[in-house]
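In case you want the letters, here they are:
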Amino acid sequence: MAEGPASPNERSHRDGVRATLPLGIAVMGFGVSFGVLARAAGMGSVAPIVMSATTFAGSAQFAAASVLSAAGSVLTAVVAALLLNARYAPIGVSVSPYLTGPWWSRFLHGQLVVDESWAIAAEGDGRYNPRVLVGSGLTIYVAWVVGTTLGVVFGNVIGDPTKLGLDAAFPALFLALLVPQLKTAKAKQAAALGAAIALVLIPLTPPGVPIIAASAACLLGWER
């Protein structure tokens, strides 16, 4: 008799890898876009790859490269990246109880907490599986760095990534993460409110602000 799927508490690193592989394709496509844009923005061929390997923050890196390509200042690029990454403060708080071991182990595991690994490692009721988190995070990390490298090395061949639809990889990725979470009426209301807030603010505020403001919609799920 075939075994059923592993229960949440039994899920392993391999389960995290398997669950993330389809998303890894989208992440790699987005990494290619970043590599092309970063090189066109004058970041050279080494800096974008090093940035992806050490920063590992897709949307923030993209915002920084976009600001630089538009002749913006380095300070503006850093501020835009910080605004986008501010969402990791509450995300980090939510997973911290499940990252055990010495400080250096928790520190390294914390670097793998990105939107995708955080969503996939969720087990419901505010619980997270650290093994799935690591497996998923490593898969996303490899896809992101490889995608960036391909974009930098073959940027001249690829040309404008929008012609290949690579600009749609990032929003498609987040939609794929969102849909499984919409199981209740309150979750759907929060998603709709967050989307409305972001759409209103996009033409009015600097990059990064809409996504931070949209996170206020999660307060709909707050229970006293």
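Parameters and conventions
- Residues numbered from 1 in each chain as written.
- Predicted model: local features only at pLDDT ≥ 70, side-chain atom pairs only at ≥ 80, totals over all residues.
- Heavy atoms only, no water.
- Helix = DSSP H or I, 4+ residues; strand = E, 2+ residues; numbered from the N terminus.
- Contact = heavy atoms within 4.5 Å.
- Areas by Shrake-Rupley, 256 points an atom, 1.4 Å probe, with all protein chains shown as cover.
- Axes fitted to C-alpha atoms, helices over the stretch in contact; angles between N-to-C directions.
- Parallel < 35°, antiparallel > 145°, perpendicular 65-115°, else oblique.
- Left-handed = near helix turned anticlockwise from the far one by under 90°.
- Nonpolar A, V, L, I, M, F, W, Y, C, P; charged D, E, K, R; others polar.
- Buried < 20%, exposed > 50% of the residue type's maximum accessible area, 1.4 Å probe, protein only.
- Polar contact = N/O pair within 3.5 Å; in protein donor to acceptor, adjacent residues only side chain to side chain.
- pLDDT = per-residue confidence, 0-100.
- Salt bridge = Lys/Arg side-chain N within 4 Å of Asp/Glu carboxyl O.
- Patch = residues over 30% accessible without salt bridge, like charges linked within 9 Å, V, L, I, M, F, W, Y side chains within 5 Å.
- Expected span 1.5 Å × (residues − 1).
- Phe/Tyr/Trp six-rings, centres within 6.5 Å; stacked < 30°, edge-to-face > 60°.

Peer 1: Looking at this model, I keep getting lost on the overall build of the protein. Mind explaining?
Peer 2: In terms of regular secondary structure, the protein is built from twelve helices and two strands. Seen in sequence order, the protein has helices and strands lined up from the N terminus as α-α-α-α-α-α-α-β-β-α-α-α-α-α. Taking contacts inside the protein between residues at least 6 apart in sequence as the whole, the part at least 24 apart equals 72%. Accessible area of the protein: about 12,600 Å², with a carbon and sulfur share of 69%.

Peer 1: Looking at this structure, how should I read the packing of helix H3 (residues 58-69) against helix H4 (residues 74-85)?
Peer 2: Packed helix pairs are specified by the crossing angle of their axes together with the interaxial distance, meaning the distance between the axes. Remark: H3 packs on H4, axes separated minimally by 8 Å, with the N-to-C direction vectors making an angle of 155°. Accordingly, the angle class assigned to the pair H3 and H4 is roughly antiparallel. Considering only the axes of H3 and H4, their crossing is right-handed. The residues of H4 that touch H3, namely those facing Ser59, Ala60, Ala63, Ala64, Val67 and Leu68, are Val74, Thr76, Ala77, Ala80, Ala81, Leu84 and Asn85. The class makeup of the residues in the contact of H3 with H4 is ten nonpolar, three polar and no charged.

Peer 1: Explain unusual backbone geometry to me, please; I cannot follow it from the model alone.
Peer 2: A positive phi angle, near 50°, is found at Phe56, a position not held by glycine. Its place among the elements puts Phe56 in the loop between helix H2 (47-54) and H3.

Peer 1: Help me understand the side chain of Asn129, please; the structure alone is not making it clear to me.
Peer 2: In this structure, Asn129 sits in the loop between strand E2 (127-128) and helix H8 (130-153). A relative accessible area of 3% places Asn129 in the buried class. For Asn129, the side chain forms a polar contact with the side chain of Glu123, separated by 2.9 Å. Within the structure, Asn129 has its side chain in polar contact with the backbone nitrogen of Arg131 (distance 2.9 Å).

Peer 1: When you look at the confidence of the model for the protein in this model, what are you seeing that I'm missing?
Peer 2: When pLDDT drops low, the exact placement of atoms in the prediction is not to be read closely. A residue-level look at the protein finds 79% of positions with pLDDT of 70 or above and a mean pLDDT of 79. Looking across the protein, the model is least confident in helix H10 (residues 169-178), with a mean pLDDT of 64, and most confident in H8, with 92. Low pLDDT, under 50, characterises residues 1-5; the stretch is placed with zero contacts to residues that sit more than four places away or in other chains.

Peer 1: Explanation requested: the pattern of salt bridges in the structure shown.
Peer 2: Scanning the entire structure with this criterion turns up two salt bridges. We note a salt bridge from Asp15 to Arg18, for which the minimum N-O separation is 2.8 Å. Of the two residues, Asp15 and Arg18 both sit in helix H1 (residues 13-40), three residues apart, roughly one turn of that helix. Notably, a salt bridge pairs Arg127 with Glu123, separated by 3.2 Å at the nearest N-O pair.

Peer 1: For this particular structure, what's the right way to read a nonpolar patch on the surface?
Peer 2: Residues Val142, Val146, Leu150, Val153, Phe154 and Val157 make up a contiguous nonpolar surface patch of about 520 Å² in total accessible area. When residues of the nonpolar patch are assigned to their parent elements, the largest contribution, four residues, is made by H8. Structurally, the position occupied by Val153 is in helix H8.

Peer 1: For this particular structure, what's the right way to read the packing of H2 against H8?
Peer 2: Their axes nearest at 9 Å, the elements H2 and H8 cross at an angle of 175°. Relative to H8, the element H2 is oriented roughly antiparallel. Touching Pro48, Ile49, Ser52 and Ala53 of H2 are Tyr141, Trp144, Val145, Thr148, Thr149 and Val152, all from H8. Each residue belonging to the contact of H2 with H8 can be placed in one class, and the counts come to seven nonpolar, three polar and no charged.

Peer 1: Even after reading the chapter, I still don't get H3, so can you show me in this structure?
Peer 2: Since the α-helix turns once every 3.6 residues, residues separated by three or four places project in the same direction. If you check H3, its first and last C-alpha atoms are 16 Å apart, about what twelve residues at 1.5 Å a residue would give, namely 16 Å. Listed as buried for H3 are Gly58, Ser59, Ala60, Gln61, Ala63, Ala64, Ala65 and Val67.

Peer 1: Would you take a moment to explain the packing of aromatic side chains for this structure?
Peer 2: Two descriptors summarise a pair of aromatic rings, namely the distance from one centre to the other and the angle between the planes of the rings. Tallied over the entire structure, the rule returns five aromatic pairs. Each ring, one from Tyr98 and one from Tyr128, has its centre 6.2 Å from the other, and the planes form 65°; the classification is edge-to-face. Residue Tyr98 is located in the loop between helix H5 (88-95) and helix H6 (103-110), and its partner Tyr128 is located in strand E2; the two are separated by 30 residues in the primary sequence. When its relative accessible area of 12% is taken as the criterion, Tyr128 is described as buried. With 6.0 Å between their ring centres and 20° between their planes, Trp118 and Tyr128 make a pair best called stacked. In this pair, Trp118 is assigned in helix H7 (residues 115-121) and Tyr128 in strand E2, connecting sequence segments ten residues apart.

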